[in-house]
Amino acid sequence: MKLTGAQIFLESLVREGVKHIFGHPGGVVLTIYDELPKFPLKHFLVRHEQGGVHMADGYARATGKAGVVLVTSGPGATNTVTGLATAYMDSIPVVCFTGQVPTHLVGNDAFQEADIVGISRPCTKHNYLVKDVNDLARIVREAFYIATTGRPGPVLVDLPKDVINAQTEFHWPEKVHLRSYNPTYQGHPGQVAKAVDLILQSRKPVIYVGGGAILSNASPELVSFATKLGTPVAPTLMALGAFPMTHWQCTGMLGMHGEYQANMAMHDADLLIAIGPRFDDRVTGKLDEFAPCAKKIHLDIDPTSIGKNIRADVPIVGDAREVLRQMMAELDGRPQELEEFKANIQEWWAQVRKWREEHPLSYDRTSPNIKPQYVIEKLYELTGGDAIVSTGVGQHQMWAAQFWKFDRPRTFLTSGGLGTMGYGFPAAVGAQVAFPDRLVIDIDGDGSFQMTCQDLILAAEHNLPVKVAIINNGYIGMVRQWQEFFFRRNYSQSDMACQPDFVKLAEAYRCAGLRATKPDEMVGVIKEALATPGPVVMDFQVEREENCFPMIPAGGAHHQMILPEVMPS
Amino acid sequence: MKHTISVLVENQFGVLARVAGLFSGRGFNIESLNVAETMDPTVSRMTIVTSGHDGIIEQIEKQLNKLINVIKVHDLTAESHIEREMVLVKVNAEATNRAEILRIVDIFRAKVVDVTPRTYTIEITGDEDKLEAFLKLLKPIGIREIVRTGKVAMARGG
Ligand SMILES: Cc1ncc(C[n+]2csc(CCOP(=O)(O)OP(=O)(O)O)c2C)c(N)n1
Ligand SMILES: [Mg+2]
């Protein structure tokens with residue numbers, strides 16, 4: 001029996017195990033939308049395609065499965081670009097289907113034509129223009145395969161209208177065969193042995209964990225490996241939750257707003273055991289002065305990450321999970337040396353503990369105003385930390401990373417690489433779709449939230465009980481902080497005191513809205529929000545000019561952190 | 001330092017754009033780039049001449065390999081290989097210098113492929129040194145136009 005391109009497309013999604021689609025229809029994809037109700041696929045009508053991609057991205061980060069987007073040609077397609085770039089920078093598997101004008105019109109500046117394959121080329125792992133309906137099922141299969149294997153990433157598939165309407169026999173390819181794409185999963189045994197040699201010789205080692213540890217689902221292996229060695233573990237923003245932050249070996253987050261002990265440990269280490277990070281500049285600071293005395297073992301599934309910013313002494317290409325297992329097997333064969341190693345790093349631990357005691361995370365707890373850090377601490381406390389948390393970008397994002405102690409992978413959804421304001425709320429919606437019964441909290445900025453808040457109506461429509469906590473400082477606060485430090489407090493265009501009434505805004509979108517303006521109102525608001533079914537927006541009007549510390553100035557080195565001046569704790 | 005990189009790619013539309021976009025997006029240099037089908041019609045070969053320090057060349061190779069449509073990347077520079085480029089040169093050919101031009105053409109085993117009352121068009125193939133030497137000799141005579149193919153290259157032996 002012959003099927004139309006639209007039917008083949010939807011049948012292929014079902015075969016791929018897709019359950020949810022985030023989309024918005026338009027002219028060229030109407031045939032698909034016409035068929036959609038016949039398939040076991042739940043579609044969420046997003047109010048902006050950017051939000052739709054962030055939803056698919058949040059869904060993917062929370063589950064590890066690919067998130068799916070379907071939009072129309074032209075403006076529908078171009079609206080996805082920020083979402084794709086966000087997913088690309090953080091290696092998130094999203095598969096985005098865009099309608100396209102009929103093949104014979106491609107290149108003619110037809111109505112709602114955009115060269116989305118050209119536009120998205122640098123911000124997708126791969127993309128396709130389907131020219132023949134006979135290729136459609138295979139391409140859908142390949143798109144999911146490429147998005148979810150190796151170093152994951154977004155894939156875009158452009159579907160011209162005539163291909164969607166054409167008919168052919170449906171053949172589902174069981175296997176994907178791509179001669180030019182074969183990610184390496186196993187580490188080279190020689191390199192693994194060399195790495196273990198370096199580890200056992202080191203006196204001041206740090207396990208430097210990146211987002212790759214989460215992407216490869218390596219948390220259990222990471223915990224075994226790290227506890228076997230007993231070394232400090234320092235996660236990046238993208239790795240929060242890969243290793244429990246409440247574990248005594250965890251130094252807290254690294255990087256520009258990382259914890260003092262984490263950054264000092266990186267600076268003084270004699271060995272970095274890098275598990276799936278990419279030595280991003282927000283983590284390394286000034287490259288010449290980054291971990292100056294340390295040898296580097298760099299494990300990554302993407303060879304281009306290795307040696308890009310920092311020369312690795314022992315590069316290992318492979319999947320974090322596989323290679324951690326290999327390293328543990330190697331360590332198990334050398335019990336004597338391992339005992340010596342553990343004794344040898346005691347002095348190092350004394351130093352790391354000293355740093356921890358000298359400058360723990362702190363803020364002024366005596367203020368008559370609500371401190372943003374206090375909001376996050378209270379949210380953490382009152383939820384028992386059992387939630388999936390997303391964020392926008394800015395100070396609130398860094399405070400969430402610092403003060404929420406993530407103990408499980410895939411519970412922190414944040415735009416690390418691209419730093420996309422507006423990511424938080426739709427990402428939370430995506431996670432909530434995947435996990436309807438879990439608590440999902442978007443810790444957002446007043447600026448970030450306003451970039452994508454129109455999908456509050458989608459949350460209300462589908463009764464998705466996302467809780468939004470706006471850390472409302474009336475500023476695009478991170479910009480203001482930079483202006484305070486580096487631009488003579490010239491707050492040019494960072495004051496956003498003119499705001500919508502977020503409570504009324506929530507209500508207008510059929511959500512509940514709550515507000516706290518003083519510290520003693522906070523607990524009540526949080527409790528009420530948690531007890532309210534459905535989506536809730538909490539407007540926390542916080543200390544306006546609070547700064548986020550520690551802070552490594554751009555281009556500074558790890559030991560040049562700016563710390564808060566007053567630290568009553 | 002100059003590197004000649006041979007890249008086997010899927011013979012599909014858009015692959016050239018991916019490679020070119022990779023070079024421009026990451027600020028890598030392209031001195032010449034040459035593409036044509038191989039014996040297997042589903043595969044094309046690109047020969048890319050680029051330059052940069054070792055770290056850059058390493059990134060170029062890795063980034064090329066990372067493209068889904070790239071089958072194989074081979075930096076020929078480090079090993080024994082043959083490089084050739086073809087150049088078409090149109091030179092002023094007056095009665096007074098025709099003999100000299102022909103002498104140079106003969107010495108370099110080039111070929112005159114078109115003649116007009118005032119010009120010769122010469123075809124020459126060779127490696128970089130030979131082509132540079134040839135063009136240097138023609139320069140004082142008056143070169144009107146040069147068209148180069150960019151290099152192609154092949155490893156020696158089996
Ligand atoms: C789409 C986008 N535009 C601009 C920026 C630059 N930027 C980084 S942080 C920030 C401030 C964000 O303000 P808000 O969401 O209120 O968070 P706060 O820092 O106040 O907590 C800005 C403008 C960005 N990251 N993303
Ligand atoms: Mg703000």
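Just so you know, these numbers come straight off a predicted model, no measurement behind them. (Residues numbered from 1 in each chain as written. Chains lettered and ligands numbered in written order. Predicted model: local features only at pLDDT ≥ 70, side-chain atom pairs only at ≥ 80, totals over all residues. Heavy atoms only, no water.)

Caption draft 1: View of the overall build of chain A. Per the secondary structure count, chain A includes 24 helices and 19 strands. Along the first, second and third principal axes, the C-alpha atoms of chain A reach 70 × 60 × 40 Å. Here chain A, with 569 residues, has 60% of them falling under the buried criterion. Here chain A has roughly 21100 Å² of accessible surface; of this, 51% comes from carbon and sulfur atoms. Between the mean site of the 52 positive side-chain charges and the mean site of the 62 negative ones, chain A shows a separation of 2 Å. (Helix = DSSP H or I, 4+ residues; strand = E, 2+ residues; numbered from the N terminus. Buried < 20%, exposed > 50% of the residue type's maximum accessible area, 1.4 Å probe, protein only. Areas by Shrake-Rupley, 256 points an atom, 1.4 Å probe, with all protein chains shown as cover. Lys, Arg positive; Asp, Glu negative; His and termini not counted. Charge placed at Lys NZ, Arg CZ, Asp CG, Glu CD.)

Caption draft 2: The arrangement of the confidence of the model for chain B in detail. All names here are of chain B. On average, residues of chain B score 96 in pLDDT, and 100% of them are at 70 or above. For chain B, per-element mean pLDDT is lowest for strand β9 (residues 152-155), which scores 94, and highest for strand β7 (residues 119-126), which scores 98. Confidence estimates for the predicted assembly give a pTM of 0.96 and an ipTM of 0.91. (pLDDT = per-residue confidence, 0-100.)

Caption draft 3: The sheet that holds strand β13 (residues 314-317) of chain A, seen in detail. Residue and element names in this part refer to chain A. The five strands lie next to each other as β10-β9-β11-β12-β13, forming an open sheet whose pairing is parallel. Looking at strand neighbours, the two that pair on one side only are β10 (233-235) and β13, the edges of this open sheet. Each adjacent strand pair in this sheet contributes to an overall mean axis angle of 15°, direction not counted. For strand β12 (residues 295-300) and β13, the ladder comprises four bridges, and the chain directions are parallel. Note on β13: the bridge partner recorded for L299 is I316. (Pairing = 2+ DSSP bridges. Axes fitted to C-alpha atoms, helices over the stretch in contact; angles between N-to-C directions.)

Caption draft 4: Expanded view of the side chain of S415 of chain A. Residues and elements named next belong to chain A. Tracing the backbone shows S415 in the loop between β15 (412-413) and α19 (424-434). Among the residues examined, S415 registers a relative accessible area of 1% and is labelled buried. In this view, S415 contacts T86, D90, V393, Q397, T420 and Y423; residues no more than four positions away in its chain are not counted. (Contact = heavy atoms within 4.5 Å.)

Caption draft 5: Structural detail: the coordination of the magnesium ion (ligand 2). All names here are of chain A. Distances from the magnesium ion (ligand 2) to its protein donors, namely D446 (OD), N473 (OD1) and Y475 (O), fall within the range 2.0 to 2.2 Å. Positions of the donor residues of the magnesium ion (ligand 2) along the chain correspond to the pattern D-x26-N-x1-Y. Pair noted here: D446 is in helix α20 (residues 446-452) and Y475 is in the loop between β17 (467-472) and α22 (477-486), with a separation of 29 residues, a long-range link. The same class applies to D446 as to Y475, namely buried. (Donors = N, O, S within 2.8 Å, 3.2 Å for Na, K, Ca; no water.)

Caption draft 6: The site of ligand 1, seen in detail. Residue and element names in this part refer to chain A. Not every one of the 17 residues close to ligand 1 is listed here, only the nearest: Q395, G419, D446, S448 and G477. One of the backbone N or O atoms of M421 is found 3.4 Å from a nitrogen atom in ligand 1. M478 places a main-chain nitrogen or oxygen 2.8 Å from an oxygen atom of ligand 1. Surface burial for ligand 1 is 76%, taken as the share of its 580 Å² of free accessible area covered by protein chains. (Near = heavy atom within 4 Å. Polar contact = N/O pair within 3.5 Å; in protein donor to acceptor, adjacent residues only side chain to side chain.)

Caption draft 7: Representation of unusual backbone geometry. Here the bond from F549 of chain A into P550 of chain A is cis, since omega is -10°, no more than 30 degrees from zero. Here P550 of chain A shows up in the segment after β19 (536-541). For S91 of chain A, which is not glycine, the phi dihedral falls at a positive 55°. Secondary-structure assignment places S91 of chain A in the loop between α5 (81-89) and β5 (94-100). Unusually for a residue other than glycine, R109 of chain B sits at a positive phi of about 50°. Within the fold, R109 of chain B resides in the loop between α3 (98-107) and β6 (111-115).

Caption draft 8: Local environment of the state of the cysteines. Tallied over the full model, the rule gives zero disulfides over all chains. In this structure C123 of chain A is not part of a disulfide, and its nearest cysteine sulfur, from C96 of chain A, lies 9.7 Å away. (Disulfide = S-S within 2.5 Å.)

Caption draft 9: Structural detail: helix α12 (residues 260-268) of chain A. Residues and elements named next belong to chain A. By the criterion of burial, α12 is predominantly enclosed, with eight of the nine residues buried. Among the residues of α12, Y260, Q261, A262, N263, M264, A265, M266 and H267 are the ones counted as buried. Of the surrounding elements, those touching the buried residues of α12 are β9 (205-209), β11 (271-275) and α16 (346-358).

Caption draft 10: Representation of the sheet that holds strand β4 (residues 67-71) of chain A. Residue and element names in this part refer to chain A. Strand order in this open sheet of six strands is β3-β2-β4-β5-β7-β6, and the pairing throughout is parallel. The open sheet is flanked by β3 (42-45) and β6 (126-129), the only strands paired with a single partner. The mean angle between the axes of side-by-side strands here comes to 20°, regardless of whether they run parallel or antiparallel. Here β4 runs beside β5; their pairing, made up of five bridges, is parallel. By the bridge assignment for β5, V71 is matched with T98.

Caption draft 11: Local environment of the packing of helix α11 (residues 219-229) of chain A against helix α14 (residues 320-332) of chain A. Residue and element names in this part refer to chain A. Between α11 and α14, the shortest axis-to-axis distance is 9 Å and the interhelical angle comes to 30°. In terms of orientation, α11 and α14 fall into the roughly parallel class. Judged by the sense of rotation from one axis to the other, the crossing of α11 with α14 is left-handed. Across the interface between the two elements, E221, L222, S224, F225, K228 and L229 of α11 pack against R321, L324, R325, M327, M328, L331 and D332 of α14. Per-class residue counts for the contact of α11 with α14 are seven nonpolar, one polar and five charged. (Parallel < 35°, antiparallel > 145°, perpendicular 65-115°, else oblique. Left-handed = near helix turned anticlockwise from the far one by under 90°. Nonpolar A, V, L, I, M, F, W, Y, C, P; charged D, E, K, R; others polar.)

Caption draft 12: View of the interface of chain B and chain A. Taken together, the contact between chain B and chain A spans 19 residues of the former and 17 residues of the latter. It is F13, R18 and I68 of chain B in chain B that bury the most area against chain A; as a group they hold 44% of the surface buried on that side. Inspection of the chain B/chain A interface yields three salt bridges. Ionic pairing is found between K66 of chain B and D302 of chain A, a salt bridge with its closest N-O pair at 2.7 Å. For the side of chain B that touches chain A, the secondary structure elements donating two or more residues are α1 (15-25), α2 (54-66) and β4 (70-75) of chain B. (Buried area = accessible area lost by both parts, 1.4 Å probe. Salt bridge = Lys/Arg side-chain N within 4 Å of Asp/Glu carboxyl O.)

Caption draft 13: Seen up close, the side chain of K296 of chain A. All names here are of chain A. Looking at the element boundaries, K296 is found in strand β12. Among the polar contacts made by the side chain of K296, one reaches the main-chain carbonyl oxygen of A291 at a distance of 3.3 Å. Once you skip the residues sitting within four places of it in the chain, K296 turns out to touch L271, L272, F290, A291, I310, R311, A312, D313 and V314.

Caption draft 14: Expanded view of the packing of helix α17 (residues 372-383) of chain A against helix α24 (residues 519-531) of chain A. Residues and elements named next belong to chain A. Interhelical geometry of α17 versus α24 gives an angle of 40° and a closest axis separation of 10 Å. If you check the angle between α17 and α24, you find them oblique. Pair α17 / α24 crosses with right-handed handedness. Contacts between α17 and α24 pair Y374, V375, K378, L379, L382 and T383 from the former with P519, M522, V523, I526, K527 and L530 from the latter. Within the contact of α17 with α24, the residues separate by chemical class into nine nonpolar, one polar and two charged.

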